[in-house]
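The chain contents come next:
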Amino acid sequence: QVTLVESGGGLVQAGGSLRLSCAASGRTFSSYAVGWFRQAPGKERERVAAISRTGGSTDYAATVKGRFTISRDNTKSTVFLQMNSLKPEDTAVYYCAAGITYVSTILPPKYDSWGQGTQVTVSS
């Protein structure tokens, strides 16, 4: 497992942008596929974006496609989520999660490392 720490959340007006970061500990970060999830009060957790261990493949939820971009820098053991054109319905706690993979798939068999989350609030 790796230890994950999210940062970059905050309060932004609708139409604005935020960039979330997920910093990982451990020397084998490049072996992990990573996902960004979010959970709003009273709603189920939703996976919004995922990236393969090399960064060569990505996937997005329909609700964020075209507005959010996931990327990673394995030299810095960090994954980013660039969020543009934010909407009030994007308000949630955002979590990053990682799971080890042995092939370059987007989704690991299991996300077994989770960060503590960062709050994103979008005002109308």
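From a predicted model like this one, the values you see are computed outputs, not experimental measurements.

What follows is about a nonpolar patch on the surface. Nonpolar side chains collect at one region of the surface, where I100, Y102 and V103 lie side by side and expose about 330 Å² of accessible area between them. Tracing the backbone through its elements, the reader meets V103 in the loop between strand 9 (92–100) and strand 10 (113–114).

Here the focus is the sheet that holds strand 3 (residues 18–24). Whether parallel or antiparallel, the strands of a sheet pair through hydrogen bonds between backbone atoms. Ordered in space as 1-3-8-7, the four strands form an open sheet in which the pairing is antiparallel. What marks the edges here is a single partner per strand, and that holds for strand 1 (4–7) and strand 7 (68–73). Sheet twist, expressed as the mean angle between neighbouring strand axes with direction ignored, is 15°. Two elements, strand 7 and strand 8 (residues 78–83), share six bridges in a ladder whose sense is antiparallel.

Taken as a whole and judged by the stated rule, the model has three aromatic pairs. Their ring planes at 85° and their centres at 5.1 Å tell us that F37 and Y111 sit as a pair that is edge-to-face. Remark: Y111 occurs in the loop between strand 9 and strand 10 and F37 occurs in strand 4 (residues 32–39); sequence separation between them is 74 residues. You'll find F37 and Y111 in the same group, each marked buried.

Moving on, we get to the state of the cysteines. Under the criterion given, the structure shown has one disulfide. Between the sulfur of C22 and that of C96 lies a disulfide, 2.1 Å long from S to S. Since a negative S-S torsion denotes a left-handed disulfide, the C22-C96 link at about 70° is right-handed. Linking C22 in strand 3 with C96 in strand 9, this pair joins segments that are 74 residues apart in sequence. Taken as a pair, C22 and C96 share a single burial class, namely buried.

This part covers unusual backbone geometry. A positive phi angle, close to 50°, is found at S77, a residue other than glycine. Mapped onto the elements of the fold, S77 is located in the loop between strand 7 and strand 8. For S77, a relative accessible area of 14% gives the class buried.

Take the pattern of salt bridges next. Using the criterion set out here, one finds four salt bridges in the structure. E46 serves as the salt-bridge partner of R38, at 2.8 Å between the closest nitrogen and oxygen. With a relative accessible area of 8%, R38 lands in the buried category. For the salt bridge of R38 with D90, the shortest nitrogen-to-oxygen distance reads 2.8 Å. With R38 in strand 4 and D90 in the loop between strand 8 and strand 9, the pair connects residues that are 52 residues apart, well separated along the chain. Neither residue differs from the other here; R38 and D90 are each classed as buried.

Conventions we followed
- Residues numbered from 1 in each chain as written.
- Predicted model: local features only at pLDDT ≥ 70, side-chain atom pairs only at ≥ 80, totals over all residues.
- Heavy atoms only, no water.
- Patch = residues over 30% accessible without salt bridge, like charges linked within 9 Å, V, L, I, M, F, W, Y side chains within 5 Å.
- Areas by Shrake-Rupley, 256 points an atom, 1.4 Å probe, with all protein chains shown as cover.
- Salt bridge = Lys/Arg side-chain N within 4 Å of Asp/Glu carboxyl O.
- Helix = DSSP H or I, 4+ residues; strand = E, 2+ residues; numbered from the N terminus.
- Pairing = 2+ DSSP bridges.
- Axes fitted to C-alpha atoms, helices over the stretch in contact; angles between N-to-C directions.
- Phe/Tyr/Trp six-rings, centres within 6.5 Å; stacked < 30°, edge-to-face > 60°.
- Buried < 20%, exposed > 50% of the residue type's maximum accessible area, 1.4 Å probe, protein only.
- Disulfide = S-S within 2.5 Å.

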